[in-house]
Amino acid sequence: MKTSRIFIDDVFFQLETSPSGIARLWKEAVSSPYLKHRLAEQGMSLTILSRSGIDISEGQFDTIRFPTFDYGFPALDTLVLDDLCVNEGVDLFVSTYYTFPTVAPTWTWCYDLIPEVKGGSYLDQEIGWQHRSLSLYNCENFISISKSTKKDLFHHYPHSRSERNDEVAYPWVSRSMVQRISQNPGNRRSSARREKPYILLVGSRHQLDGYKNGIKVFDAANHGALPDIDIICVGGEILTEEESSAGINFGVEVKRVVANDPELINLYTGALALMVLSTYEGFGIPVIEA
């Protein structure tokens, strides 16, 4: 029996080098021994196209070094992928972030429809958004990250509406985080205590047209709504001068940190609250982790 060849393009890890939810999802998926077992049962092999130069599967699957993606020449990238798919006999192509060939079936994990819902004219003006849109028109097989995303996908890309694209794969908590929580359930909160109470913002605070709405937290601090309560931002954009000084007259200190899983567990469990003010797709990994 012929083995079906699946190729995953790790392009997201080249484009976004800072920690993010999308990266966490993919790394957890492709480094799982369970995935390798299930693929073998179905007579499938998986190869990772590494544009990032790292092995996101941690040795689980074969890795091929591949040219980096350039938003200035997206059509050229598609031609190179077409050559790869023909030469390697690719049966299914999967991208971590909207790259695509035209000569092989493609599968897309649809994270959200932010550009379509919030961006408007951005799709027509930015070559990056144009390429993303083309990839969704080219793709036939989808799975969505939420029911809201699936609804928007069917609305903006009617060709995607089918029974096989009705599946939803929700975000999940990393295995390492679950293991650390289960191994030490009693002492987490005490180890996370700080001298001052704080609230937590995790990930982007802005993104396209500011839809993440993080500015509301800093506005609140400037108006005295959070006296003597610090604001800790995990990851996301570098703090602006206005963000760094928010609430300074009311005893507020704003910090940005990059945290690994153990540090993030402590930050979550010691916080007064996780603030999620997104106006679109607000339910994601940070909510589950918290």
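Everything quoted here is computed from the prediction, not taken from an experiment.

Caption draft 1: Representation of the layout of surface pockets in the model. Within this model, the second largest pocket holds a volume of roughly 460 Å³. Along the wall of the second largest pocket there are 18 residues; nearest its centre are Ile 8, Trp 26, Leu 35, Leu 39 and Trp 107. Listed by contribution, the elements that provide at least two residues to the lining of the second largest pocket are strand S1 (4–9), helix H2 (21–30), helix H3 (33–41), strand S2 (44–50), strand S4 (92–95) and strand S5 (106–110). Of the residues belonging to the lining of the second largest pocket, the class tally is 16 nonpolar, one polar and one charged.

Caption draft 2: Seen up close, the sheet that holds strand S10 (residues 273–274). In space, the four strands of this open sheet follow the order S9-S8-S7-S10, with parallel pairing throughout. The sheet is open, and its two edges are formed by strand S9 (254–257) and S10, each paired on a single side. Contacting strand S7 (198–202), strand S8 (230–234) and S9, helix H11 (residues 215–222) crosses the sheet at an angle of about 165° to S8. Sheet contacts for helix H13 (residues 261–270): S7, S8, S9 and S10; angle to S7, the most-contacted strand, approximately 130°.

Caption draft 3: Representation of the environment of Glu 237 within the structure. Within the secondary structure, Glu 237 sits in the loop between S8 and helix H12 (241–244). Its relative accessible area of 26% is what places Glu 237 among the partly exposed residues. The contacts of Glu 237, once residues within four sequence positions are left out, are Ser 204, Arg 205, His 206, Gln 207 and Arg 256.

Caption draft 4: Spotlight on the pattern of salt bridges. Evaluated as defined, the whole model comprises 12 salt bridges. The closest approach of N and O atoms between Glu 289 and Arg 24, which form a salt bridge, is 2.9 Å. Within this pair, whereas Glu 289 is found in helix H14 (residues 285–289), its partner Arg 24 is found in helix H2, the two being separated by 265 residues in sequence. Judged by its relative accessible area of 26%, Arg 24 falls in the partly exposed class. Linked by salt bridges that have partners in common, Asp 9, Arg 51 and Asp 77 make up one network.

Calculation rules
Residues numbered from 1 in each chain as written. Predicted model: local features only at pLDDT ≥ 70, side-chain atom pairs only at ≥ 80, totals over all residues. Heavy atoms only, no water. 1 Å grid on protein atoms, 1.4 Å probe; cavity = no way out; pocket = protein on both sides within 12 Å on 5 of 7 lines; lining within 4 Å. Points joined across faces, edges and corners; volume = space filled by probe spheres on them. Helix = DSSP H or I, 4+ residues; strand = E, 2+ residues; numbered from the N terminus. Nonpolar A, V, L, I, M, F, W, Y, C, P; charged D, E, K, R; others polar. Pairing = 2+ DSSP bridges. Contact = heavy atoms within 4.5 Å. Axes fitted to C-alpha atoms, helices over the stretch in contact; angles between N-to-C directions. Buried < 20%, exposed > 50% of the residue type's maximum accessible area, 1.4 Å probe, protein only. Salt bridge = Lys/Arg side-chain N within 4 Å of Asp/Glu carboxyl O.

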